[in-house]
Amino acid sequence: MALPAPEPQPDDARLLDSYSATVTDAVDRIGPAVCRIERVAARRDAGQGSGFVIAPDGLIVTNFHVVGDARAVHVAMPDGASTEGRVLGRDPDTDVALVRADGHFSDIAPLGDSGRLRRGQIAIAIGNPLGFEWTVTTGVVSALGRSMRASTGRLIDDVIQTDAALNPGNSGGPLVSSAGEVIGVNTAMIHGAQGIAFAVASNTASFVIAEIIRFGHVRRAFIGVSADTVALPRRAALMSQVTSRTAVRLRSVEAHAPAAKAGLKEGDIIVAIDGRAVGGVDDLVRMLAAERIDRETVFTVVGRSGVRQVTVIPTARR
């Protein structure tokens, strides 16, 4: 005879209730701004995913692979409203796209600062997986500063790893913090794995959005590296005289790219660019903006031989 399950203790009940309240409050804030996006092209190319409204005039963030090459999409909101939208721009290198939907939207999902994230924080995914509309899953931020390969073959840096369940259709939806801010754009899951999913960090998405609004596409300075955010060893911090607790370690350096020509090597730790601290991959992505193309840029690097200054001349990313 099975024994009855033990009754939850009062402290456990309060803890569970507090967790539930945190999640539901975040969902109540962000959920109404999450939409379903349908790309209607040739029948074989039709697809759908998720997105979220970031401005009252109908700016919507989604994934590049959701909109593909479509010029127009259909947008459906949780309250039953539907409208048409046009694709303003897309960035295959980060799997981010920007849509302008017709109409005025009172519910928006503000982008938060992904640079303040910590492993173990609550992560909430909202989207339309497998046709089940406006579904919520929860988990934690499993890792930060990951890299993953985009459909173009290039590496997307500053990717958030989470165990909040994602499925086809979640793509383009928001990954939300317990504070009710968007910390990432859900983009991928690993088929065959359990509890491993990824989102493009909100700071990277903000950079892409600003570039698309201003130029219609993303301009980048290119040095030819892939990197991870790592804790900065105390000895390296003292040697380089920086106060940041984290930095960027190079995982690989492309042959014949500007970084390789300048002498940067796999395993080097970048702590500053032109005297400004580099605390993570998101800083590296943001600081390699278009204005650095063809300009001498000084990297402060900690390697096996100590601290050195390396001058790199970034090129335009093709």
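Residues numbered from 1 in each chain as written. Predicted model: local features only at pLDDT ≥ 70, side-chain atom pairs only at ≥ 80, totals over all residues. Heavy atoms only, no water.

## Details of helix 3 (residues 202-215)
In step 1: Taking 1.5 Å per residue, 14 residues should reach 20 Å; helix 3 reaches 20 Å between its end C-alpha atoms and fits that length.
In step 2: Here helix 3 has its buried residues at Ser202, Asn203, Thr204, Ala205, Phe207, Val208, Ile209, Glu211 and Ile212.
In step 3: Backbone geometry just after helix 3 places Gly216 at a positive phi near 85°. (Helix = DSSP H or I, 4+ residues; strand = E, 2+ residues; numbered from the N terminus. Expected span 1.5 Å × (residues − 1). Buried < 20%, exposed > 50% of the residue type's maximum accessible area, 1.4 Å probe, protein only.)

## Examining unusual backbone geometry
In step 1: Residue Asp95 is not a glycine yet carries a positive backbone phi of 60°.
In step 2: Checked against the element boundaries, Asp95 lands in the loop between strand 5 (82-91) and strand 6 (96-101).
In step 3: Given a relative accessible area of 7%, Asp95 falls into the buried group.
In step 4: A positive phi angle is found at Asp294, which is not glycine, with a value near 65°.
In step 5: Relative to the helices and strands, Asp294 resides in the loop between helix 6 (281-287) and strand 18 (297-303).

## Let's talk about the environment of Phe222
In step 1: Here Phe222 shows up in strand 13 (residues 221-222).
In step 2: The exposure class of Phe222 is buried, given its relative accessible area of 10%.

## Details of the packing of aromatic side chains
In step 1: Inspection of every chain in the model, using the stated rule, returns zero aromatic pairs.
In step 2: Seen from the ring of Phe215, Arg219 lies directly overhead, with NZ or CZ sitting 3.8 Å from the centre. (Phe/Tyr/Trp six-rings, centres within 6.5 Å; stacked < 30°, edge-to-face > 60°. Lys NZ or Arg CZ within 6 Å of the ring centre and 35° of its normal.)

## Concerning the confidence of the model for the protein
In step 1: Looking at the protein as a whole, the pLDDT averages 87, with 89% of positions reaching at least 70.
In step 2: Confidence, read as mean pLDDT per element, is least for helix 1 (residues 10-30) in the protein (81) and greatest for strand 3 (residues 59-62) (97). (pLDDT = per-residue confidence, 0-100.)

## So, the pairing of strand 3
In step 1: By the alternation rule, side chains of strand 3 split into Leu59 and Val61 and Ile60 and Thr62, which are all buried.
In step 2: One ladder, built from four bridges, connects strand 3 with strand 6; its direction is antiparallel. From the neighbouring strand, Leu59 faces strand 6, where its bridge partner is Arg100. (Pairing = 2+ DSSP bridges.)

## Describing the nonpolar core
One recurring pattern in soluble globular proteins is that nonpolar side chains are buried together.
In step 1: Ile60, Val61 and Ile124 are the most contacted members of the largest nonpolar core, which has 47 residues in total.
In step 2: If near-sequence neighbours (up to four positions away) are discounted, Ile60 is found in contact with Cys35, Ile37, Gly51, Phe52, Val53, Val75, Ala97, Leu98, Val99 and Ala101.
In step 3: If you look at the next biggest cluster of nonpolar residues, it comprises 20 residues, including Ala221, Ile223, Val310 and Val312. (Core = buried A, V, L, I, M, F, W, Y, C linked by side-chain atoms within 4.5 Å. Contact = heavy atoms within 4.5 Å.)

## Observations concerning the pattern of salt bridges
In step 1: Taken as a whole and judged by the stated rule, the model has eight salt bridges.
In step 2: Between Asp268 and Arg308 there is a salt bridge; the shortest N-O distance is 2.6 Å. Of this pair, Asp268 sits in the loop between helix 5 (258-262) and strand 16 (269-273) while Arg308 sits in strand 19 (residues 306-312), and the two are 40 residues apart along the sequence.
In step 3: Given the relative accessible area of 23%, Arg308 is considered partly exposed. (Salt bridge = Lys/Arg side-chain N within 4 Å of Asp/Glu carboxyl O.)

## Section: the side chain of Asp158
In step 1: Here Asp158 is to be found in strand 9 (residues 155-162).
In step 2: Within the buried set, Asp158 has no salt-bridge partner at all; the shortest N-O distance to an opposite charge, 6.7 Å, is to Arg286.
In step 3: Of the polar contacts made by the side chain of Asp158, one reaches the side chain of Thr204; its length is 3.4 Å.
In step 4: Look past the residues within four positions of Asp158 in its chain and what remains in contact with it is Ser114, Gly145, Arg146, Ala201, Thr204, Val281 and Asp282. (Lys, Arg positive; Asp, Glu negative; His and termini not counted. Polar contact = N/O pair within 3.5 Å; in protein donor to acceptor, adjacent residues only side chain to side chain.)

## A closer look at the side chain of Asp283
In step 1: Relative to the elements of secondary structure, Asp283 occurs in helix 6.
In step 2: What makes Asp283 buried here is its relative accessible area of 15%.
In step 3: Looking at Asp283, its side chain comes within polar contact range of the main-chain nitrogen of Gly279, at 2.8 Å.
In step 4: Those residues within four positions of Asp283 in sequence are excluded, and the remaining contacts are Ala277 and Val278.

## Quick notes on the environment of Val159
In step 1: Residue position: Val159 is located in strand 9.
In step 2: According to the relative accessible area criterion, Val159 is buried, its value standing at 0%.
In step 3: Considered as a pair, Val159 and Val281 are 122 residues apart in the sequence and their alpha carbons are 9.0 Å apart.
In step 4: Those residues in contact with Val159 that sit more than four places away from it in its chain are Ala143, Leu144, Gly145, Arg146, Met148, Phe198 and Ala199.

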